[in-house]
Amino acid sequence: MSGRQGGKLKPLKAPKGKEKEYDETDLANLQKKKDEEKALKELKAKAAGKGAFGGAGLKKSGGKK
């Protein structure tokens, strides 16, 4: 038994694909998507700092008798 006979073999690397050529509409759509993701991320960060919504807390039903 020599060297690398046992165990899992590494998969071969796939050849790199060619870079896609984008026209103006594709670039505009990509930029719009980036902007939306950035705005959503900012809103999430802003909402995380505020705490609980409503301020009433959790209401428990029923009670001890």
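First things first, this report covers the structure right here in the doc.

Criteria and cut-off values
- Residue positions are given per chain, counting from 1 as you read along its sequence in written order.
- Where local features are concerned, this predicted model is filtered to residues with pLDDT of at least 70; where side-chain atom pairs are given and counted, the filter is 80 or more; whole-chain, interface and lining totals use all residues.
- Remark: hydrogens and water are excluded; side-chain values derive from all non-hydrogen atoms of the structure.
- By definition, any uninterrupted DSSP run of H or I lasting at least four residues is a helix, any uninterrupted run of E lasting at least two residues is a strand, and each is numbered from the N terminus.
- The classification of residues rests on relative accessible area computed with a 1.4 Å probe and restricted to protein chains. Under 20% of the type maximum is buried, over 50% is exposed, and intermediate values are partly exposed.
- Exposure was quantified through the Shrake-Rupley algorithm and a 1.4 Å probe, taking into account, for residues, occlusion by the shown protein chains and nothing else.
- Candidates for patches are residues over 30% relative accessible area with no salt bridge; among them, like charges are joined within 9 Å and nonpolar side chains (Val, Leu, Ile, Met, Phe, Trp, Tyr) within 5 Å.
- What makes a salt bridge here is a side-chain nitrogen of Lys or Arg within 4 Å of a carboxyl oxygen of Asp or Glu, nothing more.

Next up on the list: the overall build of the chain. Along its length, the chain carries one helix and zero strands. Counting over 65 residues, the chain shows a buried share of 0%. Accessible surface computed for the chain: about 7700 Å², of which carbon and sulfur atoms make up 56%.

This brings us to a nonpolar patch on the surface. A cluster of nonpolar side chains, namely Tyr-22, Leu-27 and Leu-30, defines an oily patch on the protein surface of about 290 Å² accessible area. Tracing the sequence through the fold places Tyr-22 in the segment before helix H1 (24-50). For Tyr-22, a relative accessible area of 47% corresponds to the partly exposed category.

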